[in-house]
Amino acid sequence: MISINPNQVQLLHRIVTQTGLYQYDGPTVSRLVLYDSKSRRHPTMTKKAFQAAMKRVFDHTTSNLAAPLSSSIQQELTAFTDKLFTMFANPKTNKVNGVALACGFTVLCNGRKSDKLEHIFELLDEDKDTWVSQDEIAKFIQSFLIMLMSVSSSFTHLYGGACSNDSAAITQTIDAGSDWATSQVFDALKPKNGSICFDDFADWYTKGGYQSMPWLELLDLRKWVISA
Ligand SMILES: [Ca+2]
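Because the structure is predicted, anything quoted here is derived from the model rather than measured.

1. Structural notes on the overall build of the chain
Move 1: Across its full length, the chain holds nine helices and six strands.
Move 2: By the burial criterion, 34% of the 228 residues in the chain qualify as buried.
Move 3: Considering only contacts within the chain whose residues lie at least 6 apart along the sequence, 75% involve residues at least 24 apart.

2. Thoughts on the packing of helix H2 (residues 26-34) against helix H5 (residues 98-106)
Two quantities define a packed helix pair, namely the angle between the axes and the distance from one axis to the other.
Move 1: Contact pair H2 / H5: the axes reach a minimum separation of 9 Å and the direction vectors enclose 150°. In this structure, H2 meets H5 at a crossing whose hand is right-handed. On H5, the residues that touch Gly 26, Val 29, Ser 30, Val 33 and Leu 34 of H2 are Gly 98, Leu 101, Ala 102, Phe 105 and Thr 106.

3. What about the packing of H2 against helix H3 (residues 47-62)?
Move 1: Where H2 contacts H3, the two axes come as close as 7 Å, and the packing angle between them is 145°. In this structure, the crossing between H2 and H3 has a hand that is right-handed. Along its contact with H2, which presents Val 29, Leu 32 and Val 33, the element H3 presents Ala 53, Arg 56, Val 57 and His 60.
Move 2: Among the residues forming the contact of H2 with H3, the class breakdown is five nonpolar, one polar and one charged.

4. As for the nonpolar core
Move 1: In this structure, Val 16, Val 33, Ala 102 and Phe 105 are the most contacted members of the largest nonpolar core, which totals 53 residues.
Move 2: When residues of this core are traced back to their parent elements, those giving at least two are helix H1 (6-18), H2, H3, helix H4 (71-88), H5, helix H6 (113-124), helix H7 (134-150) and helix H8 (167-189).
Move 3: In terms of residues, this core owes the most to one element, H7, which gives ten residues.
Move 4: Dropping the residues within four chain positions of it, Val 16 is found in contact with Leu 21, Tyr 22, Leu 108, Leu 221 and Val 225.

5. Looking at the confidence of the model for the chain
Move 1: Taken residue by residue, the chain gives an average pLDDT of 87. The fraction at 70 or more is 87%.
Move 2: Confidence drops under a pLDDT of 50 for residues 154-162, and excluding neighbours within four residues, the segment shows 22 contacts in the predicted structure.

6. Structural notes on unusual backbone geometry
Move 1: Although it is not a glycine, Asn 94 sits at a positive phi angle of roughly 60°.
Move 2: Assignment of secondary structure puts Asn 94 in the loop between H4 and strand E2 (96-97).
Move 3: Unusually for a residue other than glycine, Lys 190 sits at a positive phi of about 40°.
Move 4: Inspection of the secondary structure puts Lys 190 in the loop between H8 and strand E6 (195-196).

7. Re the environment of Val 185
Move 1: Tracing the chain through its elements places Val 185 in helix H8.
Move 2: Note: C-alpha distance between Val 185 and Asp 200 (15 residues apart in sequence) is 9.5 Å.
Move 3: Other than its neighbours up to four places away in sequence, Val 185 contacts Ile 137, Phe 201, Trp 204 and Gly 209.

Procedures and definitions
- Residues numbered from 1 in each chain as written.
- Predicted model: local features only at pLDDT ≥ 70, side-chain atom pairs only at ≥ 80, totals over all residues.
- Helix = DSSP H or I, 4+ residues; strand = E, 2+ residues; numbered from the N terminus.
- Buried ≥ 20, exposed ≤ 12 C-beta atoms within 10 Å, placed from the backbone.
- Contact = placed C-beta atoms within 7 Å.
- Axes fitted to C-alpha atoms, helices over the stretch in contact; angles between N-to-C directions.
- Left-handed = near helix turned anticlockwise from the far one by under 90°.
- Nonpolar A, V, L, I, M, F, W, Y, C, P; charged D, E, K, R; others polar.
- Core = buried A, V, L, I, M, F, W, Y, C linked by C-beta atoms within 7 Å.
- pLDDT = per-residue confidence, 0-100.

Quick look at the structure:
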């Protein structure tokens, strides 16, 4: 169960609309996120590289706006991206996985759920053989939940257990939630080579998998943000 405070949806609404982000699709924004690191197979970003990536994304999405961002939105945006870095960074290395970040950003972009999922599978499939492993799916689900957490102050219940608001507990909840959701997919599909392709996932989801991860519907911003 995920609960999202209405004020936090307003924050998300302001960020995606006032920065123009919601007008750009996942592939466009992913390229901006991964610009510096696309030649590397597993891009990781220092805080400096992360901040440069955020600047590339929002310079691009705000370039066609009629007026510059107000200082209050700029402040909210800085607070939001600072929170993202904290949430996405590996606590041991203090670096962010670029693919996970790009997957997370896809949640905030324009596009239909199925198009976003297909793009996310392309991002996850780093060796481009169309197969995606259980670890890679877990990475996506984790980044999805991190993105939801970052726009929510009342994400208090996940999979039946109450969690407090301290960051260690939140991280633990996200890890447990993504492991659980990923195993739902792989336990159901039991792939022989340990990997699945996009069609396997889409088929599983349509035939009942949505009951395991109803929050995947949130990939379509029109259902909860843009219409709000
Ligand atoms: Ca692969």
